[in-house]
Amino acid sequence: MTEAVVDELMTFPIFRDIDEDRFPGNTPLRGILLNDTRVTTYQPGEIVVREGDYGNSAFLILDGHLRVVLNPNLPQNMLGRLSVKKKGFFEALGQLWTNNWRPEVRDPERYQNTQAASSSGAMAGVYLQDIPAILDEHQTAQLGPEMIFGELAALGRVPRTASIFAETEARVLEIRWQGLRELRRFDTTWKEKIDLAYRRNALHNALKEAPMFRHLTGEQLKAVEDATLFETHGAFDWHTSYKRMLAQGREMEHGTPIAREGDYPDGILMVRAGFARVSARIGNGERTLTYLGAGDVYGLEELYRAWKDKDDSIVLETSLTALGYLDILRIPRQVLEEFVFKEMEPPQTKLRHLAGNEISADALKEWAVGRRFINGTRAMLIDLNRCTRCDDCVRACAATHGGNPRFIRHGATFDHWMVANACMHCADPVCMIGCPTGAIHRSISDGSVVVNDDTCIGCGTCAASCPYDNIRLVQVANQRGEPLVDGEHKPIMKATKCDFCSSNPGGPACQRACPHDALRRVDFRGPDPFRGGYQ
Ligand code: SF4
Ligand code: SF4
């Protein structure tokens, strides 16, 4: 971004009408525009955002027109996504004999018709073909100058809810989440716009899905919505500070305190996105009791008891700390007392008693929370007491994936457990933020995080973002083993990672191949990941 473009942006009413004096000296409005925004020109048919992508920016249309696809959604292949077909039993067996003996062999023809075969730097546009047919077959709506979109995904850590493409040539201002957060903080018009969009599009659904509000009438739910506040804590790009923490040899980050043991609860906190640690003071230290993820609620027991016993002296028995990014709803006590508690069964769990557990019983949990493995829905956990280092798992993975294993049998260890460097198919897949072609995405069919080899341009954004170092860039070759190169004679690189054997019948080859039952794919959000395995 240049000063000249900032000058031009300041002529648009949405920036011109901002009171610049409300911004602090170290975060001036012009500074935000200069550092946290960029202007991109899209050509007709070019995709601006894809439904299902994770993003860290919002968009303001400067000129031209875009179209949002409302119904039905665009087919996955049009968005550059994989549609994975499960192999039959004999097909899966046959690949053991038909695999090329050279690793990472690709048919060069595959990349002929994709706009995104090269890693040569420039932003890779993905275009929709046959726009008239899309307009005929899908319900769409036009978006014009000065309209803002994408703010929910940018601030709320939720996937984009619709695909938007350029109808005419259009100039669009992209605002990174940092800039958006500052605009919301220091300008009331931006705050109102963003908050209104949040209430209109996200809050209603979040509350409606929560069991404790299911019995409410539309009017009562509206009253709860109106009273609810929303907050974000910590950094959206938590993976950056996490990697720094590991590089400095620290395993546990302090995090951002949200609520403290001993405080009076003024409402419940409901997690919308991110993770938070619940802890209790033990002696001079702080002990992790559990962690909360999307949909979990904090402070309910104490508030309920205070209401039931008419005892206003009841205080919070635990503390809550944001682990990296946390997006929460704060639902005030008054509306809960008026609409919810009367109809509710007393909450069952009592966290404080967990503090009486043996320290050793909780040590694994403490470790998993500290290392953020709680993000993993299908982490590779190896019991080192059982593992004989035979590498059958690695060979099975290589045989399923073109001769190169998609994981490394190495990783963080605690006691006799190892979390190997294999994609964990995270609840919060930060690797997906910023992929310019949408090649890395969550599979609609089974929820695993996969890379579309055809549209990956090997830029490495995902590999740099994965906090657990579980993505590798590989150079691909033809059948003769000669490296494939792009039009500028640069090697074609592709991002590779565990795809949870999406196309294999019977699940992940690594787990099935282990003759000693030492390797399991586990969901760290489950009650005891160190016992169960992924079914
Ligand atoms: S690549 Fe990394 S961040 Fe992405 S889902 Fe896998 S483990 Fe999580
Ligand atoms: S390297 Fe990663 S971020 Fe870059 S295009 Fe490929 S999948 Fe997307």
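In the block above lies the structure referred to throughout.
Remember, it's a predicted structure, so these values are computed and weren't measured experimentally.

Teacher, can you tell me more about the pairing of strand 17 (residues 417-421) here?
The element strand 17 is extensively covered by neighbouring structure, given that 5 of its 5 residues are classed as buried. Where strand 15 (residues 379-383) lies against strand 17, 3 bridges are found, and the strand directions are antiparallel. In the strand pairing of strand 17, Leu381 is matched with Val419. The turn joining strand 16 (residues 408-414) and strand 17, which pair antiparallel and follow one another in sequence, is formed by 2 residues; a positive phi near 55° is taken by Asp415.

I keep staring at helix 12 (residues 333-340) and nothing clicks. Help me out?
Since the α-helix packs 3.6 residues into each turn, any two residues three or four apart lie on the same face. By the burial criterion, the buried members of helix 12 are Arg333, Val335, Leu336, Phe339 and Val340. Along the axis of helix 12, the buried positions cluster into a sector of 165°, meaning they face one direction only. Of the surrounding elements, those touching the buried residues of helix 12 are helix 9 (218-227), strand 11 (267-282), helix 11 (300-308) and strand 14 (319-332).

Just checking my understanding: could you explain the pattern of salt bridges for this structure?
Opposite charge on two side chains lets them pair, provided their charged atoms get close. Applying the stated criterion to the full structure yields 26 salt bridges. Put simply, Arg520 and Asp517 hold a salt bridge, and the shortest N to O gap is 3.2 Å. Asp517 gets classed as partly exposed once you look at its relative accessible area, which sits at 41%. Because the salt bridges share partners, they merge into one network encompassing Glu3, Asp7 and Arg30.

Help me understand the packing of helix 7 (residues 177-186) against helix 8 (residues 188-209) in this model?
Axes are the key here: two packed helices are described by the angle between their axes and the distance separating the axes. Between helix 7 and helix 8, the shortest axis-to-axis distance is 5 Å and the interhelical angle comes to 115°. Classified by the interaxial angle, the pair formed by helix 7 and helix 8 is roughly perpendicular. For the pair helix 7 and helix 8, the sense of crossing is left-handed. Facing Leu180, Leu183, Arg184 and Phe186 of helix 7, the residues of helix 8 in contact are Thr188, Trp190, Lys191, Ile194 and Asp195.

Cut-offs and rules
Along each chain, numbering runs from 1 in the same order as the chain's sequence is written. Each chain takes a letter, starting from A, and each ligand takes a number, starting from 1, following the order in which they are written. In keeping with the model being predicted, local features are shown solely for residues with a pLDDT of at least 70 and side-chain atom pairs are shown and tallied solely at 80 or more, while totals for entire chains, interfaces and linings include all residues. Side-chain metrics rest on all non-hydrogen atoms present in the structure, leaving aside hydrogens and water. Buried means the residue's accessible area, taken with a 1.4 Å probe over protein chains only, is under 20% of the maximum for its type, while exposed means over 50%, and partly exposed covers the values in between. Counting from the N terminus, the helices are the DSSP runs of H or I reaching at least four residues and the strands are the DSSP runs of E reaching at least two. Following DSSP output, two strands are said to pair if at least two bridges run between them. To obtain the arc, one takes the directions from the helix axis to the C-beta atoms. The contact rule is simple, with two residues in contact once any of their heavy atoms fall within 4.5 Å. Any Lys or Arg side-chain nitrogen located within 4 Å of an Asp or Glu carboxyl oxygen qualifies as a salt bridge. Every axis in this analysis is a line fitted to C-alpha atoms, fitted for helices over the stretch in contact. Angles between the N-to-C directions lie between 0 and 180 degrees. Throughout this description, any angle smaller than 35 degrees is read as roughly parallel, any larger than 145 degrees as roughly antiparallel, any in the 65 to 115 degree range as roughly perpendicular, and the remainder as oblique. Whether a crossing is left-handed or right-handed is set by the direction in which the near helix is turned from the far one by less than a right angle, anticlockwise for left-handed and clockwise for right-handed.

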